[in-house]
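# Residue-level structure breakdown
The primary structure of each chain is shown beneath.
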Amino acid sequence: GAVVSQHPSRVICKSGTSVKIECRSLDFQATTMFWYRQFPKQSLMLMATSNEGSKATYEQGVEKDKFLINHASLTLSTLTVTSAHPEDSSFYICSAGGIGERAYGYTFGSGTRLTVV
Amino acid sequence: KQEVTQIPAALSVPEGENLVLNCSFTDSAIYNLQWFRQDPGKGLTSLLLIQSSQREQTSGRLNASLDKSSGRSTLYIAASQPGDSATYLCASASGGSYIPTFGRGTSLIVHP
C-alpha cells in the first residue's frame, strides 16, 4: 500500500531557531499534500494544503510566513517552522494523496513531535 | 463547513467485548469517510475507507457503516483485545476541496 515517510519523528529546538520537517511519498506520486497540527487530546487541525509546483493554501489563522511549505516535487513536501517559539510545540502530521485519493483516501506520515525550549 | 463529532470521547472496556464507536457529520454530501487508528505519539493508520456510494466496509474484526442521510458512521469492533487500545478517528471529505475533516477521536482502552 501507499507509504508516507515523515522525518524527523522528534525534534527539540531552542526558541528562535527554525526547524524543517520532511514528508515523502515513497511509492506513489503525491499531487496533494496536507499539513496538520495536533495538540494534546485534540483532533487534527488542517494548517495548509500544498500542490506540487504551486504555492500552498493556508487555513485561516495560520501564519504563512511562520510555517513555510514547499512542495517542489511529486514525492516531497517540507514544512519549516521559522523562529520557533514554545507555543509552536505540537505534533505535526503530513498527509499525501495521489491520483485517485478521492477513491482510495489519504495516507498519513508518522508525525513529528516538536518541542521548543 | 463540515463538522465531525465522535462519541464517546473515551471508552474503557474489558477484553472480549464488542464495541461501537460513533461518528456524525453535518454535511451529508460527502465523497468518502475514513476511519483511522492513532497510537500515542504516533501518526495515523488507515483502517477502513467507505466511499459515498457504499454502505459498509469490513476488515477482519472491524466493520464500518455509513448512513449519509442521517449523517452517521459507526465503527464496530468485534471481540476487542488489549492491542486495540488506541484513539480512533473518523474523517470525512466533502465539498470541492476533498480535504478530510477530522473528529476529535474516541480514546479506547481494552483491559485484560
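Figured I'd write up the structure that's included with this text. (Residues numbered from 1 in each chain as written. Chains lettered and ligands numbered in written order. Predicted model: local features only at pLDDT ≥ 70, side-chain atom pairs only at ≥ 80, totals over all residues. Heavy atoms only, no water.)

## Quick notes on the overall build of chain A
Helix and strand counts for chain A stand at one helix and 11 strands. When the elements of chain A are put in sequence order from the N terminus, they spell out β-β-β-β-β-β-β-β-β-α-β-β. Referenced to the eigenvectors of the C-alpha coordinate spread, the extents of chain A come out at roughly 40 × 25 × 20 Å. Put simply, chain A has 117 residues, and 49% of those count as buried. Within chain A, contacts between residues at least 6 apart in sequence are counted, and of these 56% link residues at least 24 apart. Surface accessibility of chain A: about 5900 Å² in total, with carbon and sulfur atoms responsible for 53%. Mean positive and mean negative side-chain charge positions of chain A (11 and 9 charges, respectively) differ by 6 Å. (Helix = DSSP H or I, 4+ residues; strand = E, 2+ residues; numbered from the N terminus. Buried < 20%, exposed > 50% of the residue type's maximum accessible area, 1.4 Å probe, protein only. Contact = heavy atoms within 4.5 Å. Areas by Shrake-Rupley, 256 points an atom, 1.4 Å probe, with all protein chains shown as cover. Lys, Arg positive; Asp, Glu negative; His and termini not counted. Charge placed at Lys NZ, Arg CZ, Asp CG, Glu CD.)

## Focus: the side chain of Q6 of chain B
Residues and elements named next belong to chain B. By the element assignment, Q6 lies in strand β1 (residues 4-7). Looking at Q6, the relative accessible area reads 8%, which means it is buried. For Q6, the side chain forms a polar contact with the main-chain oxygen of Y88, separated by 2.9 Å. For Q6, the side chain forms a polar contact with the main-chain nitrogen of C90, separated by 3.0 Å. In this structure, Q6 is in contact with N22, C23, W35, Y88, L89, C90, G103, R104, G105 and T106, ignoring residues within four places of it in sequence. (Polar contact = N/O pair within 3.5 Å; in protein donor to acceptor, adjacent residues only side chain to side chain.)

## Quick notes on the environment of L46 of chain A
Locating L46 of chain A in the fold gives a position in strand β5 (residues 44-51). On the basis of relative accessibility, which here comes to 17%, the residue L46 of chain A falls in the buried class.

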